[in-house]
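Residue-level listing of the chains:
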Amino acid sequence: MSLPVIVLIGATATGKSRLAVQLALALRADGVDAEVVNADSMLVYRGMDIGTAKPSTEERGGVPHHLIDILDVTQTASVADFQRLARTAITDIRVRRAVPIVVGGSALYTRAIVDHFEFPGSDAEVRSRWEAELQRVGALALHARLAEVAPASAAKIEPANGRRTVRAFEVLELAGGHVPNLPEWSYELDNVHQFGLSEDRAVLDARINERVDAMWREGLVQEVRHLLNQGLRDGLTAVRAIGYRQVVDFLDGEYSEEEARELTKKATRRFFRKQLGWYRRDPRITWLDAGAVDNVESIIQSVGLAPERRGNQR
């Protein structure tokens with residue numbers, strides 16, 4: 001049997017990144033190497049550090065981290081590209097006889113990595129045409145048009161999410177239909193173990209509020225100003241990140257700074273409640289109390305890497 005792939009998911013501020021490093025260090029102490037694979041679509045961008053709560057070099061504890069700081073903010077990060085890069089990283093880690101620890105992210109990204117998940121084809125000319133239409137009519141009008149021709153697809157897409165609406169039109173044109181739902185639970189990778197960090201909603205809301213306030217104190221507005229000079233507006237994905245979008249709107253005069261901060265808190269809470277709803281439907285996830293002190297040992301025991309049992313994994 002191959003070494004396991006460990007997947008850690010959960011809302012922001014539940015301690016996924018910290019737990020991943022603690023787990024990797026514990027395995028290393030027992031003689032098993034481990035490396036972290038990022039499954040957060042915004043950690044891939046260089047310079048987007050404060051608003052993404054990107055773990056610092058010190059916080060990574062000497063554990064190799066993959067798919068962090070690999071793109072400029074002007075580049076587009078697609079789920080299909082992320083799937084390919086993450087699976088390559090996981091294969092390479094296993095070849096080195098180390099345990100991949102995937103830290104997500106959203107249900108779409110983590111499932112694209114570990115599940116049987118095929119993407120419809122893509123055509124740069126078709127996409128460019130719909131992107132031009134998006135620029136011409138705006139996200140809401142383009143979404144309204146999608147609702148007319150593919151209502152089931154439109155119902156799964158936020159009206160303001162122009163990028164996903166463009167993708168829906170691209171698939172609709174290329175394949176004659178757009179399937180908005182995630183596929184059934186079926187692992188593409190072998191020996192996958194998923195663990196979710198659960199936290200009381202009131203506690204989580206308070207932590208999210210505290211984290212956003214901390215981001216402002218640490219200089220999120222200054223970070224966004226710098227990224228705007230690096231071409232942040234020219235990218236299709238980076239500029240839509242929670243926190244960054246709100247700060248850009250503030251700098252454009254659409255909101256006050258305090259309004260932008262409160263909207264960031266609200267958007268973060270809404271996003272992760274939606275994502276946790278998706279995760280809760282997955283019967284394969286083992287849920288752990290985010291505050292439990294024995295989570296590392298529980299995971300090691302569960303995946304069969306306790307010292308007395310590791311020999312069977314070699």
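Being a predicted model, the structure only gives us computed values, none of them experimental. (Residues numbered from 1 in each chain as written. Predicted model: local features only at pLDDT ≥ 70, side-chain atom pairs only at ≥ 80, totals over all residues. Heavy atoms only, no water.)

K.L.:
Which residues make up the confidence of the model for the protein, and what values go with them?
P.N.:
With 93% of its residues at a pLDDT of at least 70, the protein reaches an overall mean of 89. Model confidence for the protein, summarised as mean pLDDT per element, is weakest for helix H7 (residues 162-175) at 83 and strongest for strand S3 (residues 65-66) at 98. (pLDDT = per-residue confidence, 0-100. Helix = DSSP H or I, 4+ residues; strand = E, 2+ residues; numbered from the N terminus.)

K.L.:
Break down the pattern of salt bridges for me, with residues and values.
P.N.:
Scanning all chains against the criterion turns up 22 salt bridges. Of the charged contacts in the structure, one is a salt bridge between Asp205 and Arg273, with a shortest N-O distance of 2.5 Å. Here the residue Asp205 occupies a position in helix H8 (residues 201-218), and Arg273 occupies one in helix H11 (residues 257-280), the gap between them amounting to 68 residues. For Asp205, a relative accessible area of 18% gives the class buried. Across the pair Arg284 and Asp282 runs a salt bridge whose closest N-O atoms are separated by 2.9 Å. Each of Asp213, Glu258, Arg261, Glu262 and Lys265 takes part in salt bridges that share partners, so that together they form one network. (Salt bridge = Lys/Arg side-chain N within 4 Å of Asp/Glu carboxyl O. Buried < 20%, exposed > 50% of the residue type's maximum accessible area, 1.4 Å probe, protein only.)

K.L.:
Residue-level account of the packing of helix H9 (residues 220-229) against helix H10 (residues 244-251), with values.
P.N.:
The N-to-C vectors of H9 and H10 enclose an angle of 80°; their axes lie 10 Å apart at closest approach. Here H10 runs roughly perpendicular to H9, going by the angle between their axes. Here Leu220, Val221, Glu223, Val224, Arg225, Leu227 and Leu228 of H9 lie close against H10, whose contacting residues are Tyr244, Val247, Val248, Phe250 and Leu251. Of the residues in the contact of H9 with H10, the class split is ten nonpolar, no polar and two charged. (Axes fitted to C-alpha atoms, helices over the stretch in contact; angles between N-to-C directions. Parallel < 35°, antiparallel > 145°, perpendicular 65-115°, else oblique. Contact = heavy atoms within 4.5 Å. Nonpolar A, V, L, I, M, F, W, Y, C, P; charged D, E, K, R; others polar.)

K.L.:
Explain the side chain of His143 to me, using residue names and the numbers behind them.
P.N.:
For His143, the location among the structural elements is in helix H5 (residues 139-149). Look past the residues within four positions of His143 in its chain and what remains in contact with it is Ala154, Ile157, Glu158, Pro159 and Thr165.

K.L.:
Got a sec to walk through H11? Specific residues and values, please.
P.N.:
In a regular helix each residue adds 1.5 Å, so 24 residues correspond to 34 Å; H11 covers 35 Å between its end C-alpha atoms and thus fits that length. Where H11 is concerned, the buried positions are Ala260, Thr264, Lys265, Ala267, Thr268, Phe272, Gln275, Leu276 and Tyr279. Lining the buried residues of H11 we find strand S1 (5-10), helix H3 (107-114), H8, H10 and strand S6 (285-289). (Expected span 1.5 Å × (residues − 1).)

K.L.:
Please provide a residue-by-residue account of the layout of surface pockets, values included.
P.N.:
Put simply, the second largest pocket is a space of about 280 Å³. Contributing to the lining of the second largest pocket are 13 residues, with Leu134, Gln135, Val239, Arg240 and Arg245 lying nearest its centre. Of all the elements in the fold, those that place two or more residues in the lining of the second largest pocket are helix H4 (124-137) and H10. Each residue belonging to the lining of the second largest pocket can be placed in one class, and the counts come to six nonpolar, three polar and four charged. (1 Å grid on protein atoms, 1.4 Å probe; cavity = no way out; pocket = protein on both sides within 12 Å on 5 of 7 lines; lining within 4 Å. Points joined across faces, edges and corners; volume = space filled by probe spheres on them.)

K.L.:
Break down the nonpolar core for me, with residues and values.
P.N.:
Counting residues in hydrophobic clusters, the biggest one holds 53 residues, and the most contacted among them are Tyr45 and Met48. In terms of residues, this core owes the most to one element, helix H2 (residues 79-95), which gives six residues. Apart from residues no more than four positions distant in its own chain, Met48 is found in contact with Met42, Lys54, Val73, Glu223, Leu227, Ala238, Ala241 and Tyr244. (Core = buried A, V, L, I, M, F, W, Y, C linked by side-chain atoms within 4.5 Å.)

K.L.:
Break down the environment of Ala260 for me, citing the residues and quoting the values.
P.N.:
Relative to the helices and strands, Ala260 is located in helix H11. For Ala260, a relative accessible area of 0% puts it in the buried group. Note: C-alpha distance between Ala260 and Ala206 (54 residues apart in sequence) is 18 Å. Not counting the four nearest positions on each side in its chain, Ala260 is found in contact with Trp216, Gln246, Phe250 and Tyr255.

K.L.:
I'd love a proper account of the pairing of S1, names of residues and values included.
P.N.:
For S1, a buried count of six out of six residues is recorded, marking the element as mostly surrounded by other parts of the structure. Here S1 shows no split at all, with Val5, Val7 and Ile9 on one side and Ile6, Leu8 and Gly10 on the other all buried. Pairing between S1 and strand S5 (residues 192-198): six bridges, direction parallel. From the neighbouring strand, Val5 faces S5, where its bridge partner is Val192. Summarising the sheet, S1 and strand S4 (residues 98-104) pair through three bridges and their orientation is parallel. Its bridge partner lying in S4, Ile6 is registered against Ile101. (Pairing = 2+ DSSP bridges.)

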